[in-house]
Amino acid sequence: MNVREHDPTLYALIEDCLQGNFVSPVLHQPNTQMLHGMRRSLETLAVSEPCTCGELCASFSTMNLCPEDARLLMVRFDVRGELVLDCDSDGVIYHVERLFDTPNDSAKATVERLALTPSGWVKRELAGVWSSDET
């Protein structure tokens, strides 16, 4: 089953993150070629093993087989909760980690995140969050 069928909301969030400027400076910074590969990988991404740890997690392994000598890179996105894609330098996605805020915390969560960059602290908007005017 592909991601779009398995979890349409998660698919849309990943797509938004890959189309917009939502890569967090915390982990690996993909280049343009890698982002293009991640978008291409997302189109056909199939779920292999969904996580069964609980309701606040939508993580899963993909059907893509990782070569033994491949160096996996973790790309984190600015979203409510956590969204991390494990992929190779070509952008092939092997694992998706999606952890949600707890239901009680989500209403209190800010719509931006502070990130430390070489230029200092900057405010980052979160993907998948709409301002109160749009809801």
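Residues numbered from 1 in each chain as written. Predicted model: local features only at pLDDT ≥ 70, side-chain atom pairs only at ≥ 80, totals over all residues. Heavy atoms only, no water.

Caption draft 1: Seen up close, helix 2 (residues 8–19). Under the 1.5 Å per step criterion, the end-to-end length of helix 2 is 16 Å for twelve residues, consistent within 8% with the ideal 16 Å. All of the buried residues along helix 2 are Leu10, Tyr11, Leu13, Ile14, Cys17 and Leu18. Looking down the long axis of helix 2, one finds its buried residues gathered within 165° of arc, a one-sided arrangement. For helix 2, the exposed residues lying more than 90 degrees away from the buried face are Pro8, Thr9 and Gln19. Contact partners of the buried residues in helix 2: helix 1 (3–6), helix 3 (32–44), strand 2 (60–62), strand 3 (73–77), strand 4 (82–87) and strand 5 (93–99). (Helix = DSSP H or I, 4+ residues; strand = E, 2+ residues; numbered from the N terminus. Expected span 1.5 Å × (residues − 1). Buried < 20%, exposed > 50% of the residue type's maximum accessible area, 1.4 Å probe, protein only. Arc of directions from axis to C-beta. Contact = heavy atoms within 4.5 Å.)

Caption draft 2: Region of the structure containing the pairing of strand 4. Counting buried positions over the six residues of strand 4 gives five, a clear majority of the element. Judged from the five bridges that link them, strand 3 and strand 4 form a sheet pairing that is antiparallel. If you follow Met74 over to strand 4, its bridge partner there is Asp86. Between strand 3 and strand 4, which pair antiparallel one after the other, the connecting turn spans four residues, and Gly81 there sits at a positive phi close to 80°. For strand 4 and strand 5, the ladder comprises six bridges, and the chain directions are antiparallel. Bridging from a neighbouring strand, Leu85 pairs with Val96 of strand 5. Between strand 4 and the antiparallel strand that follows it, strand 5, lie five residues; Gly91 among them carries a positive phi value of about 95°. (Pairing = 2+ DSSP bridges.)

Caption draft 3: Representation of the sheet that holds strand 2 within the structure. The antiparallel open sheet is built from five strands, whose spatial order is 1-2-5-4-3. Of all strands in the sheet, those bounded by a partner on one side alone are strand 1 (47–50) and strand 3. Going across the sheet, the axis of each strand differs from the next one's by a mean of 20°, ignoring polarity. Here strand 2 pairs with strand 5 via two bridges, running antiparallel. The residue bridging Phe60 from the neighbouring strand is Val96, located in strand 5. With respect to the sheet, helix 2 is in contact with strand 2, strand 3, strand 4 and strand 5, its orientation differing from that of strand 4 by roughly 75°. In the packing of helix 3 onto the sheet, contacts are made with strand 3, strand 4 and strand 5, and the angle to strand 3 comes to roughly 85°. (Axes fitted to C-alpha atoms, helices over the stretch in contact; angles between N-to-C directions.)

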